[in-house]
Amino acid sequence: MADQHAQSSDDNRPTEIPAIRWDEPPEGPVVVLLDQTRLPAQEVELVCTDAPALVEAIRTLAVRGAPLLGIAGAYGVALAAARGFDVEEAAVSLAGARPTAVNLAVGVRRARDAYRAALARGGAQEQGAEAALAAARALHQEDAEASVRMAGHGLALLDELLPGGGHRVLTHCNSGSLVSGGEGTAFAVALAAHREGRLRRLWVDETRPLLQGARLTAYEAARSGMAYTLLTDNAAGSLFAAGEVDAVLVGADRIAADGSVANKVGTYPLAVLAQYHHVPFIVVAPVTTVDLDTADGASIEVEQRAGYEVTEIAAPQVPVAGAEAGGGIPVAPLGTQAYNPAFDVTPPELVTAIVTDEGVVSPLTAEALAALCDRSRQVTI
């Protein structure tokens, strides 16, 4: 089960609430999430006491973003083990909660394998739970460290491509501390540029239909003191045409072996615009987001979400008589069908570079991507 508590009473203070944490109150271990569906109006924590509650939080986007989903999946396995639930069953349900983000399955597998290994060595359930939790905590720390490296590599690339500073960067969806154990992926690069005085403007796509850009990226930019401007997704073309974009920085939920990038729907059109206007299109993601077992973009399973996310405006605090599942304000006629893919896929030929915690791949080729992943594995081993 899950409940919500710890609402901030001061909307103007910088957030000190982590996106995810493990806690051990007297009644037993829990995974605590910053409920991202309540931002930016409220900072509310969601407490998950079992894997099904965490699965629901993942499906409803209370917790989201590829790296953070990996961390959440690992903590979910540890939670099941610590509370004596069926770990294998929990692992299956967690890994399948969202199909496109590869980090989720990676995190689940890492904690589950640690649990299995402890039992195989003759350990009891308690030792298995400790091993799973240690694996989750290690993944959490590694992601924070990866975020720092991505920011450094990304800023160096921006300065190489755009000498002189004054970068005007367009981003889509949310890729900051809300998706990471650290300061994020693409947003972390923009934040590093801001801190070095080299960010002139962060252009923030609102990111329909769930407004992760408006609700989350703008929230993080404001609290970081960045110069930012919000725009509707369909205004991006006019921004490019006016010569106001120097680079596009986006995250990724899965990168296929050929360099195809699955990211929040609306990313692919930005890549097309960037190529037409000769603007660098840069993807920032940890090596764990690269899935060499997925051959190409056509092999990536794209999550299809409920139509009400498109036909309604989410406003849970405003009850509407007769409203269906979403509980929001209807903006389309009753019964309207909606096409609502969570992601789209950008082909590698539209990607200027992929920035990872282990370095930059540019020009992007399948061979270069595989070589980077191989180097990463050797370092890990």
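Look a little higher up for the structure.
Before going into details, it helps to say that this report is about the structure given with it. On a predicted model such as this, the values are computed, not experimentally measured, just so you know. (Residues numbered from 1 in each chain as written. Predicted model: local features only at pLDDT ≥ 70, side-chain atom pairs only at ≥ 80, totals over all residues. Heavy atoms only, no water.)

Thoughts on the packing of aromatic side chains
Here is step 1 of the chain: The tally for this structure, following the rule as stated, stands at one aromatic pair.
Here is step 2 of the chain: Stacked on the ring of Phe343, the Lys or Arg Lys264 has its end atom at 4.7 Å from the ring centre. (Phe/Tyr/Trp six-rings, centres within 6.5 Å; stacked < 30°, edge-to-face > 60°. Lys NZ or Arg CZ within 6 Å of the ring centre and 35° of its normal.)

Quick look at the packing of helix α2 (residues 66-82) against helix α4 (residues 102-120)
If you want to describe how two helices pack, look at the angle between their axes and the distance between the axes.
Here is step 1 of the chain: Interhelical geometry of α2 versus α4 gives an angle of 30° and a closest axis separation of 7 Å. Considering their axes alone, α2 and α4 lie roughly parallel with respect to each other. As α2 packs across α4, the resulting crossing turns out to be right-handed. In this structure, α2 uses Ala66, Pro67, Leu69, Gly70, Gly73, Ala74, Val77 and Ala81 to contact α4, whose residues at the interface are Asn103, Leu104, Gly107, Val108, Ala111, Arg112 and Tyr115.
Here is step 2 of the chain: Classifying every residue of the contact of α2 with α4 by side-chain character gives ten nonpolar, four polar and one charged. (Axes fitted to C-alpha atoms, helices over the stretch in contact; angles between N-to-C directions. Helix = DSSP H or I, 4+ residues; strand = E, 2+ residues; numbered from the N terminus. Parallel < 35°, antiparallel > 145°, perpendicular 65-115°, else oblique. Left-handed = near helix turned anticlockwise from the far one by under 90°. Contact = heavy atoms within 4.5 Å. Nonpolar A, V, L, I, M, F, W, Y, C, P; charged D, E, K, R; others polar.)

With respect to the sheet that holds strand β16 (residues 353-356)
Here is step 1 of the chain: Taken together, seven strands build an open sheet; the order of strands is β7-β6-β5-β8-β11-β16-β17 and the sheet is mixed. Strand pairing shows two members of the sheet lacking a second neighbour, β7 (228-231) and β17 (359-361), which therefore form its edges. Taking each pair of neighbouring strands and ignoring which way they run, the sheet shows an average axis angle of 25°.
Here is step 2 of the chain: Looking at chain direction, strand β8 (residues 247-250) and strand β11 (residues 281-284) are connected through three bridges and run parallel. Paired with Val250 across the strands is Val283, a residue of β11.
Here is step 3 of the chain: Contacts from helix α6 (residues 186-195) reach β5 (167-171), β6 (199-205), β8 and β11 within the one sheet, and its direction differs from that of β6 by about 155°. (Pairing = 2+ DSSP bridges.)

Brief notes about the environment of Val265
Here is step 1 of the chain: Along the polypeptide, Val265 turns up in the loop between β10 (261-264) and α9 (267-276).
Here is step 2 of the chain: For the pair Val265 and Arg208, spaced 57 residues apart in sequence, the C-alpha separation works out to 8.4 Å.
Here is step 3 of the chain: If we skip the residues at most four places from it in the chain, Val265 touches His172, Arg208, Pro341, Ala342, Phe343 and Asp344.

Quick notes on a nonpolar patch on the surface
Here is step 1 of the chain: Nonpolar side chains collect at one region of the surface, where Ile313, Ile329 and Val331 lie side by side and expose about 240 Å² of accessible area between them.
Here is step 2 of the chain: Tracing the backbone through its elements, the reader meets Ile329 in strand β14 (residues 329-330). (Patch = residues over 30% accessible without salt bridge, like charges linked within 9 Å, V, L, I, M, F, W, Y side chains within 5 Å. Areas by Shrake-Rupley, 256 points an atom, 1.4 Å probe, with all protein chains shown as cover. Salt bridge = Lys/Arg side-chain N within 4 Å of Asp/Glu carboxyl O.)

Considering α4
Here is step 1 of the chain: End to end, α4 covers 27 Å across 19 residues, agreeing with the expected 27 Å (1.5 Å per residue, within 8%).
Here is step 2 of the chain: Those residues of α4 lying buried are Val102, Asn103, Leu104, Gly107, Val108, Ala111, Arg112, Ala114, Tyr115 and Ala118.
Here is step 3 of the chain: Each element contacted by the buried residues of α4 is listed here: α1 (51-59), α2, α3 (87-95), α5 (125-161), β9 (254-256) and β12 (290-291).
Here is step 4 of the chain: Just downstream of α4 lies Gly122, where phi reads positive at about 95°. (Expected span 1.5 Å × (residues − 1). Buried < 20%, exposed > 50% of the residue type's maximum accessible area, 1.4 Å probe, protein only.)

Some points on the sheet that holds β9
Here is step 1 of the chain: Spatially, the four strands line up as an open sheet ordered β12-β9-β10-β15, and their pairing is mixed. Two strands close off the open sheet at either side, each with one partner strand: β12 and β15 (343-346).
Here is step 2 of the chain: Across two bridges, β9 lies against β10 in antiparallel orientation. Bridged to Ile255 within β10 is Val261.
Here is step 3 of the chain: On top of the sheet, α9 reaches β10 and β15; it is set at about 30° to β15, its chief contact.

Points about α2
Here is step 1 of the chain: The first and last C-alpha atoms of α2 sit 24 Å apart over 17 residues, in line with the 24 Å expected at 1.5 Å per residue.
Here is step 2 of the chain: Taken across its 17 residues, α2 has 16 buried, putting it largely inside the fold.
Here is step 3 of the chain: In the stretch just after α2, Gly84 is the one whose phi turns positive, near 80°.

Side note on the nonpolar core
Here is step 1 of the chain: Ranked by size, the top nonpolar core spans 41 residues in total, and within it Ile20, Leu33, Ile58, Tyr75 and Leu94 carry the most contacts.
Here is step 2 of the chain: For this core, the secondary-structure elements that each account for two or more residues are β2 (20-23), β3 (30-34), β4 (45-48), α1, α2, α3, α4 and α5.
Here is step 3 of the chain: In terms of residues, this core owes the most to one element, α2, which gives eleven residues.
Here is step 4 of the chain: Look past the residues within four positions of Leu33 in its chain and what remains in contact with it is Ala19, Ile20, Val44, Glu45, Leu46, Cys48, Leu54, Ala57 and Val63.
Here is step 5 of the chain: Listed in part, the 29 residues of the second largest apolar core include Trp203, Ile255, Val290 and Val351. (Core = buried A, V, L, I, M, F, W, Y, C linked by side-chain atoms within 4.5 Å.)

Here's the deal with the side chain of Thr100
Here is step 1 of the chain: Secondary-structure assignment places Thr100 in the loop between α3 and α4.
Here is step 2 of the chain: A relative accessible area of 0% means that Thr100 is categorised as buried.
Here is step 3 of the chain: Residues within four places of Thr100 in sequence aside, it is in contact with Asp253, Arg254, Ala262, Ile300, Glu301, Val302, Glu303 and Phe343.

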